[in-house]
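What follows is the residue order along each chain.
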Amino acid sequence: MNDLKLILIKPELKDYWYEKQLLEDPKTMNYNAGYDVTYSGYHYDTGCIDFPEDKWEASYQKRKASDRFFAFLKDTVKDRYVGYVNYQYNSMNKRYECGILIEAKYRGLGYSKEGLYLLCDAAFKNGVDALYDGFEKDRVGAMKLFQEIGFQIVETSTWKKFDDIVEGVTICLTREQFYKKKENL
């Protein structure tokens, strides 16, 4: 991973147009569809989340005031945003949970691995001891990506999605595992 072309950009309020674009794009958000969640603006059928401009300020201030990390992924060669990464502390589960979202039209171009690597590196440099994520077991590409970085399955469970029960996994990467694996990335 010596030839990184991505950088993390902590967006300013004026840049939230890109997050809106991602959250409201059905092709980008299709992985998120079919869950019984109650947050405002969620679309069960597409996975999209409404992010109108009048909500940007509150989101921006909440991120600044809390233990959350959020950054756009910018391709410095092509001078464009390609997605975002985040991590935040989940007080109910007492752990840091992370995520990566690559815009649908940029998937399959290698951005995910570079972006996840940058996210993990930032988290561990900021004092996080371990990162967790969870997703359906049948998301083979996601599983491969996270395992390439060094994440390991720590738990399996089931979730309801579109009135079906799907198998899921919780994965974890510790700081120590990341730095051991770093030489091989």
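Let me sum up the structure you'll find in this document. None of the values given here were measured: they were computed from a predicted structure.

## Observations concerning the overall build of the chain
Helix and strand counts for the chain come out as six helices and seven strands. Going from the N terminus to the C terminus, the chain shows its helices and strands as β-α-α-α-β-β-β-α-β-α-β-β-α. Relative to the globule expectation of 16 Å for 185 residues, the C-alpha radius of gyration of the chain, 16 Å, shows essentially globular dimensions. C-alpha extents for the chain along the principal axes are approximately 40 × 40 × 35 Å. Here the chain, with 185 residues, has 44% of them falling under the buried criterion. Partitioning the contacts of the chain with sequence separation of at least 6, the portion at a separation of at least 24 is 61%. Of the roughly 10300 Å² of accessible surface on the chain, a fraction of 48% belongs to carbon and sulfur atoms. Counting 28 positive and 30 negative side-chain charges, the chain places the averaged centre of each group 3 Å from the other.

## A closer look at helix α4 (residues 111-125)
For α4, spanning 15 residues, the distance from its first C-alpha to its last is 21 Å, which sits close to the expected 21 Å at 1.5 Å a residue. Within α4, twelve of the 15 residues are buried, which leaves it mostly tucked inside the rest of the structure. Downstream of α4 by one or two residues, Gly 127 has phi in the positive range, about 95°.

## Some words on the packing of α4 against helix α6 (residues 175-182)
For the pair α4 and α6, the least separation of the axes is 10 Å and the interaxial angle reads 130°. As far as their axial angle goes, α6 and α4 are oblique. Where α4 crosses over α6, the handedness of that crossing is left-handed. Contact residues: Tyr 117, Cys 120, Asp 121, Phe 124 and Lys 125 in α4; Arg 175, Phe 178, Tyr 179 and Lys 182 in α6. Residue composition of the contact of α4 with α6, by class: five nonpolar, no polar and four charged.

## Points about the pattern of salt bridges
Inspection of every chain in the model, using the stated rule, returns 16 salt bridges. We note a salt bridge from Lys 20 to Glu 24, for which the minimum N-O separation is 2.9 Å. Here Asp 163 makes a salt bridge to Lys 160, at a shortest N to O gap of 3.6 Å. Taken together, the shared-partner salt bridges in this structure form one network comprising Asp 36, Lys 160 and Asp 163.

## Comments concerning the nonpolar core
Grouped together as the largest cluster of nonpolar side chains are 33 residues, with contacts concentrated most on Tyr 87, Leu 116, Cys 120, Leu 131, Phe 146, Ile 149 and Phe 151. Counting residues per element, the ones that place at least two in this core are β2 (68-75), β3 (80-90), β4 (95-102), α4, β5 (130-136), α5 (140-149) and β7 (164-174). Examining the composition of this core, we find that nine residues originate from one element, α4, more than from any other. Those residues in contact with Tyr 87 that lie beyond four places of it in its chain are Asp 67, Arg 68, Phe 69, Tyr 96, Glu 97, Cys 98, Leu 119, Ala 122, Ala 123, Asn 126, Val 128 and Leu 131. In this structure, Tyr 18, Tyr 60, Phe 70 and Tyr 84 belong to the second largest nonpolar core, which totals 17 residues.

## Concerning the sheet that holds β2
Spatial strand order, β1-β2-β3-β4-β5-β7-β6: seven strands in an open sheet with mixed pairing. The two strands at the open ends of the sheet, each matched to only one other strand, are β1 (6-9) and β6 (152-161). Between one strand axis and the next, the sheet turns by 30° as a mean value, whatever way the strands run. In this structure, β6 lies alongside β7, joined through nine bridges in antiparallel fashion. Its bridge partner lying in β7, Thr 158 is registered against Glu 167.

Conventions we followed
- Residues numbered from 1 in each chain as written.
- Predicted model: local features only at pLDDT ≥ 70, side-chain atom pairs only at ≥ 80, totals over all residues.
- Heavy atoms only, no water.
- Helix = DSSP H or I, 4+ residues; strand = E, 2+ residues; numbered from the N terminus.
- Rg over C-alpha atoms; globule rule 2.2 N^0.38 Å.
- Buried < 20%, exposed > 50% of the residue type's maximum accessible area, 1.4 Å probe, protein only.
- Contact = heavy atoms within 4.5 Å.
- Areas by Shrake-Rupley, 256 points an atom, 1.4 Å probe, with all protein chains shown as cover.
- Lys, Arg positive; Asp, Glu negative; His and termini not counted.
- Charge placed at Lys NZ, Arg CZ, Asp CG, Glu CD.
- Expected span 1.5 Å × (residues − 1).
- Axes fitted to C-alpha atoms, helices over the stretch in contact; angles between N-to-C directions.
- Parallel < 35°, antiparallel > 145°, perpendicular 65-115°, else oblique.
- Left-handed = near helix turned anticlockwise from the far one by under 90°.
- Nonpolar A, V, L, I, M, F, W, Y, C, P; charged D, E, K, R; others polar.
- Salt bridge = Lys/Arg side-chain N within 4 Å of Asp/Glu carboxyl O.
- Core = buried A, V, L, I, M, F, W, Y, C linked by side-chain atoms within 4.5 Å.
- Pairing = 2+ DSSP bridges.

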